[in-house]
Amino acid sequence: MMSSNPEDGRTVSRRAALTSIAGAGAVALAGCTDANNDAGSGDGGSGEQSGDGGSESGSGELSGDISIAGSSTVFPLMTAIAEDFQAENSGVNIDISSTGSGGGFSNYFCVGETDFNNASRPIKESEETLCSDNDVEYVELVAATDALTVVINNDNDFATELTVDQLADIWAADGASTWSEVNSEWPDEEIERYGAAETSGTFDYFNEAVLGERGHTDDYSATEQDNTIVQGVTGSEYAIGYFGFSYYFQNPDEVTAVAIDDGDGPVEPSLDTASNGEYTPLSRPLFTYPSVESLGEEHVAEFARYFVEQTTNEEIVANDVGYVPLTDETQEEQMSKLEDAISQA
């Protein structure tokens, strides 16, 4: 496993790779170890459920394709774990796309085209119906805890702390258009907003946790790519954005994280405040949803087991990616759910 020491070259390389991958929005992993770069097809997943393509070799080694879509927030965690899995299983090709939670469910997973869907919020009733209509059964697995992070430009010295009401005024459909409308002592400058697209689970969670019936403004630059949000925020002193904690964790000097006051004083996003419940209302669980049919393929089932095993791994989940690992008790519960699904496959 990767060292947790920031001075260790492997850790720096892992973090740099995750940052690059998160910006790219898709990655095909095949034979990731230096010794096995020529193993496997090297072309990533097939884009179809592995039941139609993957197979195990006669030598007993795992082989086949795994296709994963969904949340940009879960994307770096899934990528890190998939990378390590393939270091031990070079015959397995894993294709991971950052499509947004909703985009993954509606366009890929619930119509039977992917083996897993990552999500930064629970599956919706409409998505459950779509899966049911296409005979796609799944199991919901908790992957980690995230501290959804609001960021501002490093030269912004006036909005480093925001109440939940102020945050709502900035992002609501009926909200402020200038910073001075949020606080009369702040500059009379237009608010430039960069945030998650409507297909994103991060958008859904932010809408529910902060905005409620006021709804999300459409006067903002929407994207599934965290680095695009960072580029927008770094480009203007009067910009603001939000995304999952992982990107900020890996790039803490590019932008400033806003402390959120939910009534008990301002709290900065961190692994500790997300874990102990102080960072409200923006701490949230993250999920992945494997297809039960796909779990009938040995290489898919083994990868799912490996993923759940790694959800308590502090080096990967916390130090490399920037989320709160599961407790041993929660991990055991998720593994039990997964084994039940595998037995049904």
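See the structure above.
Fair warning: this is a prediction, and the values are worked out from it, not measured in the lab.

**Let's talk about the state of the cysteines**
So, step 1. What the rule picks out here adds up to one disulfide.
So, step 2. Here Cys110 connects covalently by a disulfide to Cys131, the sulfurs 2.1 Å from one another. Disulfide Cys110-Cys131: torsion about the S-S bond near -65°, hence left-handed. Pair noted here: Cys110 is in the loop between helix 3 (101–107) and strand 4 (116–119) and Cys131 is in helix 4 (residues 125–133), with a separation of 21 residues, a long-range link.

**Considerations on the sheet that holds strand 13 (residues 266–267)**
So, step 1. Judged by pairing direction, the sheet is mixed, and its three strands sit side by side in the order 7-12-13 without closing on themselves. Sheet topology places strand 7 (161–163) and strand 13 at the edges, where each strand pairs with a single neighbour.
So, step 2. The sheet contacts of helix 5 (residues 164–171) involve strand 7 and strand 12 (259–261), and relative to strand 7 the element is tilted by about 90°.

**Quick look at the packing of aromatic side chains**
So, step 1. The tally for this structure, following the rule as stated, stands at 19 aromatic pairs.
So, step 2. Ring geometry for Phe85 and Phe303: centres 5.1 Å apart, planes at 70°, overall edge-to-face. Here Phe85 is found in helix 2 (residues 75–88), whereas its partner Phe303 is found in helix 11 (residues 298–310), with 218 residues between them in sequence.
So, step 3. Phe303 gets classed as buried once you look at its relative accessible area, which sits at 0%.
So, step 4. Between the aromatic rings of Phe105 and Tyr289, the centroid separation amounts to 5.2 Å while the plane-to-plane angle is 75°, which identifies the pairing as edge-to-face. Placement of the pair is Phe105 in helix 3 and Tyr289 in strand 14 (residues 283–290), with a sequence separation of 184 residues.

**Considerations on the pairing of strand 8 (residues 192–196)**
So, step 1. Of all five residues in strand 8, four are buried; the element is thus mostly enclosed.
So, step 2. In the sheet, strand 8 pairs with strand 10 (residues 239–243) via three bridges, with the strands oriented parallel. Directly across from Tyr194, in strand 10, lies its bridge partner Gly241.
So, step 3. Pairing between strand 8 and strand 9 (residues 221–223): three bridges, direction parallel. Its bridge partner lying in strand 9, Ala196 is registered against Thr223.
So, step 4. Crossover strand 8 to strand 9 through helix 7 (residues 201–211) is right-handed.

**Quick look at empty space enclosed by the protein**
So, step 1. Here the structure, examined in full by the defined rule, presents three cavities of 30 Å³ or more.
So, step 2. The space that makes up the largest cavity amounts to roughly 50 Å³.
So, step 3. In this structure, the largest cavity is lined by Ser72, Thr73, Ala196, Thr202, Thr223, Glu224, Gln225, Asp226, Ile229, Tyr242, Phe243 and Gly244.
So, step 4. Of all the secondary-structure elements, those providing two or more residues to the lining of the largest cavity are helix 8 (226–234) and strand 10.
So, step 5. The residue inventory of the lining of the largest cavity, partitioned by class, reads four nonpolar, six polar and two charged.

**Details of the pattern of salt bridges**
So, step 1. With the rule as written, the count across this model stands at nine salt bridges.
So, step 2. Two residues, Asp169 and Arg214, come together in a salt bridge whose shortest N-O distance is 3.0 Å. One end of the pair, Asp169, is in helix 5; the other, Arg214, is in the loop between helix 7 and strand 9, and 45 residues separate them in sequence.
So, step 3. In this structure Asp169 comes out as partly exposed when scored by relative accessible area, which is 25%.
So, step 4. A relative accessible area of 32% means that Arg214 is categorised as partly exposed.

Reading the values: the criteria
- Residues numbered from 1 in each chain as written.
- Predicted model: local features only at pLDDT ≥ 70, side-chain atom pairs only at ≥ 80, totals over all residues.
- Heavy atoms only, no water.
- Disulfide = S-S within 2.5 Å.
- Helix = DSSP H or I, 4+ residues; strand = E, 2+ residues; numbered from the N terminus.
- Pairing = 2+ DSSP bridges.
- Contact = heavy atoms within 4.5 Å.
- Axes fitted to C-alpha atoms, helices over the stretch in contact; angles between N-to-C directions.
- Phe/Tyr/Trp six-rings, centres within 6.5 Å; stacked < 30°, edge-to-face > 60°.
- Buried < 20%, exposed > 50% of the residue type's maximum accessible area, 1.4 Å probe, protein only.
- Right-handed = clockwise from strand over helix to strand, strands pointing away.
- 1 Å grid on protein atoms, 1.4 Å probe; cavity = no way out; pocket = protein on both sides within 12 Å on 5 of 7 lines; lining within 4 Å.
- Points joined across faces, edges and corners; volume = space filled by probe spheres on them.
- Nonpolar A, V, L, I, M, F, W, Y, C, P; charged D, E, K, R; others polar.
- Salt bridge = Lys/Arg side-chain N within 4 Å of Asp/Glu carboxyl O.

Everything listed is a geometric property; what it means functionally is a separate question.
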